[in-house]
Amino acid sequence: MDMVTSSSRAEVGESSTSKPTSDTWAKLVPLDAQLSDVEICSNEMIVSSQVTFSSQEKHEWCRITRNPDLLTAMMQNKSSNDMLVDDAVVQREDVVEIKCGTEIVLGPKRDGCLTYKFKLMPGQETCKKQLKICIDVEHAKCSICLNIWHDVVTIAPCLHNFCNGCFSEWLKRSQKKHSSVLCPQCRAVVQFAGRNHFLRNIEEDILHADPSLRHSNEEVALIDSYATIRSNLVIRSGRGIQRKRAQAFLDEVLDNEEHDSQESDDAGPQCPQCGSEIGGFQCNQHTIHLQCQVCGGMMPSRADMSELQHCMGCDRTFCGAYWHAQTVTRSDFYPVCNNEIFRPISEHTITRIPFLAHEMNRHEQDITEKCIRQTGKTLQEVVAEWIRKLNNREIDRTRMPLNHAERITAATHVCSTCYEKLVSFLLYWFRISMPKYLLPPDALQREDCWYGYACRTQHHNEEHARKRNHVCRPTRGANV
Ligand SMILES: [Zn+2]
Ligand SMILES: [Zn+2]
Ligand SMILES: [Zn+2]
Ligand SMILES: [Zn+2]
Ligand SMILES: [Zn+2]
Ligand SMILES: [Zn+2]
């Protein structure tokens, strides 16, 4: 906790902690222009009067705690008197919410007491406004297990929602028994299933608001063990269209007059394995298809080849590696990706520092570039070295920005976006493990920013970004 002081009578110099710093997220601005602002720079801070010549004692005024919405704060009256906050009386030790513009009188009445206005600093993500909505928990329940959704999936066209695990089990059973998959809730034929990221956030908000609705860890592990939906599934659409086409063809050959099956053919991209057997596999009417993230092409969902079909880092679907393994290449009939975007980590190449590296701080990226040049190696060689360390499990993966971080090895297939994220993560370790004396001269003298990599100021304050080191762990703030 910081102690910040301000004069209660007149400006009597500044203590070291009250100096304006660029980590300041709010201020108390006095109505009396003679007084100086009180800078608030840590997430929780006690504001008190300054020790002056006339008084040796320091009086605590209030404690200001930043709220997670970054737009409001809680203020606790720590003084020995009542205070007025927007004209409402706040008793000793009482807590009120304050926001930008709130007026705080440091005493029981306006006359003779110091008055401050609470002001948020511009650029402190004040635009990140939160819209609050009310949700009936009953509307967020899975009709299979009757609990709050867990890892919610949405099916189409009926748009009902279920737990990933619950619907995956239903899908598996339906495929064994029936020719089509019906919605467990409304019995509509299911053509599509996918994880719903928006509802997933809502699911988390609900559990956050009411932790009693949470499943136990064992239950979660059990539901997760059933979950098979990683990316969007297309159920039976490819085959259905294929059959219609075959029927139309037959009708023509047989010169059949009953052309009632000539429905409009709005066929999307086709799957190469639907029509013909390739690599010992051919789709049948139960085959579920995955749609490629890049080319929109279809491929059968193969549990035995899931790693070649999904990026481990983001769970999205890519077709290049799968078709490469089946020796299918691009044709006029089927969209098929080449295998450059999605490949094993060890086979990706990199020539420049990713835009995302060091939280997008250009100064740190330049320093890293200089450090690499000093080693006499290329970026590619340095990254390869760190991938080896990752593969040997020498690196803490807690902050690795990829899904399934613990399962990732050098041989894991990832997409180029995830590869760049991984490189950024490895460059953090490259820099943080570099002895200080090896840094370029201009970077040598810099002190660590308290907020380290999590610092927000580095994104809008050029000078701060340049003057402080941000490739370090936070020692203040929410990320400690
Ligand atoms: Zn469920
Ligand atoms: Zn339904
Ligand atoms: Zn197919
Ligand atoms: Zn990815
Ligand atoms: Zn593709
Ligand atoms: Zn900083």
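All of these numbers come straight from a predicted model, not from anything done at the bench.

Participant: When you look at the overall build of the protein chain in this model, what are you seeing that I'm missing?
Facilitator: What the protein chain contains, in helices and strands, is twelve helices and 21 strands. For the protein chain, the residues scored as buried account for 30% of the 480 residues in total. Pairs at least 24 residues apart make up 57% of the contacts formed inside the protein chain by residues separated by at least 6 positions.

Participant: Looking at this structure, I do not really get the sheet that holds strand β10 (residues 103-105). What am I missing?
Facilitator: Each strand in a sheet pairs with its neighbour through backbone hydrogen bonds, running either in the same direction (parallel) or in the opposite one (antiparallel). Strand order in the open sheet formed by six strands is β3-β2-β11-β10-β7-β8, and the pairing between neighbours is antiparallel. In this open sheet, the two edge strands, each paired with only one partner strand, are β3 (38-40) and β8 (88-90). On average, adjacent strands in this sheet sit at an angle of 25 degrees to one another, irrespective of strand direction. By the bridge criterion, three bridges tie strand β7 (residues 83-85) to β8 in an arrangement that is antiparallel.

Participant: Honestly, the packing of helix α9 (residues 379-391) against helix α10 (residues 416-432) in this entry has me stumped. Any pointers?
Facilitator: The geometry of a pair of packed helices is captured by two quantities: the angle between their axes and the separation between those axes. Packing of α9 against α10 leaves a shortest axis separation of 10 Å and a crossing angle of 90 degrees. With respect to α10, the element α9 is oriented roughly perpendicular. Across the interface between the two elements, Val 382, Val 383, Trp 386, Ile 387 and Leu 390 from α9 touch Val 423, Leu 426, Trp 429 and Phe 430 from α10. Residue composition of the contact of α9 with α10, grouped by class: nine nonpolar, no polar and no charged.

Participant: I would appreciate a short explanation of the sheet that holds strand β16 (residues 288-291) in the present structure.
Facilitator: Here six strands make up an open sheet; going across it, the order is β13-β12-β14-β15-β16-β17 and the pairing antiparallel. Since the sheet does not close on itself, it has two edges, and those belong to β13 (161-163) and β17 (298-300), each with one partner. Geometrically, the sheet is characterised by an average inter-axis angle of 30 degrees between neighbouring strands, direction not taken into account. Summarising the sheet, strand β14 (residues 192-195) and strand β15 (residues 233-235) pair through two bridges and their orientation is antiparallel.

Participant: Can you walk me through the packing of helix α1 (residues 164-177) against helix α3 (residues 217-226) in this structure?
Facilitator: α3 packs onto α1 with a crossing angle of 40 degrees between their chain directions and a minimal axis gap of 7 Å. By the angle class used here, α1 and α3 are oblique. Helix-helix and strand crossings are classified by hand; for α1 and α3 the assignment is left-handed. The residues of α3 that touch α1, namely those facing Gly 165, Ser 168 and Glu 169, are Ile 223, Asp 224 and Tyr 226. Among the residues forming the contact of α1 with α3, the class breakdown is two nonpolar, two polar and two charged.

Participant: Hey, could you run me through the pairing of strand β2 (residues 26-30) in this one?
Facilitator: Direction of pairing for β2 relative to β3: antiparallel, over a ladder of three bridges. Note that in β3 the partner of Leu 28 across the bridge is Val 38. Across five bridges, β2 lies against strand β11 (residues 115-120) in antiparallel orientation. Looking at the pairing, Val 29 lines up with Lys 117 of β11.

Participant: So what exactly am I meant to see when it comes to the nonpolar core here?
Facilitator: Soluble globular proteins: nonpolar side chains tend toward being buried together. Within the largest apolar cluster, 62 residues are counted, with the highest numbers of intra-cluster contacts made by Phe 167, Phe 318, Cys 415, Leu 422 and Leu 426. Counting residues per element, this core draws most heavily on α10, which supplies nine residues. Discounting residues that sit within four places of it in the chain, Phe 167 has contacts with Val 153, Ile 155, Phe 162, Ala 193 and Ile 229.

Reading guide: rules and limits
Residues numbered from 1 in each chain as written. Chains lettered and ligands numbered in written order. Predicted model: local features only at pLDDT ≥ 70, side-chain atom pairs only at ≥ 80, totals over all residues. Helix = DSSP H or I, 4+ residues; strand = E, 2+ residues; numbered from the N terminus. Buried ≥ 20, exposed ≤ 12 C-beta atoms within 10 Å, placed from the backbone. Contact = placed C-beta atoms within 7 Å. Pairing = 2+ DSSP bridges. Axes fitted to C-alpha atoms, helices over the stretch in contact; angles between N-to-C directions. Parallel < 35°, antiparallel > 145°, perpendicular 65-115°, else oblique. Nonpolar A, V, L, I, M, F, W, Y, C, P; charged D, E, K, R; others polar. Left-handed = near helix turned anticlockwise from the far one by under 90°. Core = buried A, V, L, I, M, F, W, Y, C linked by C-beta atoms within 7 Å.

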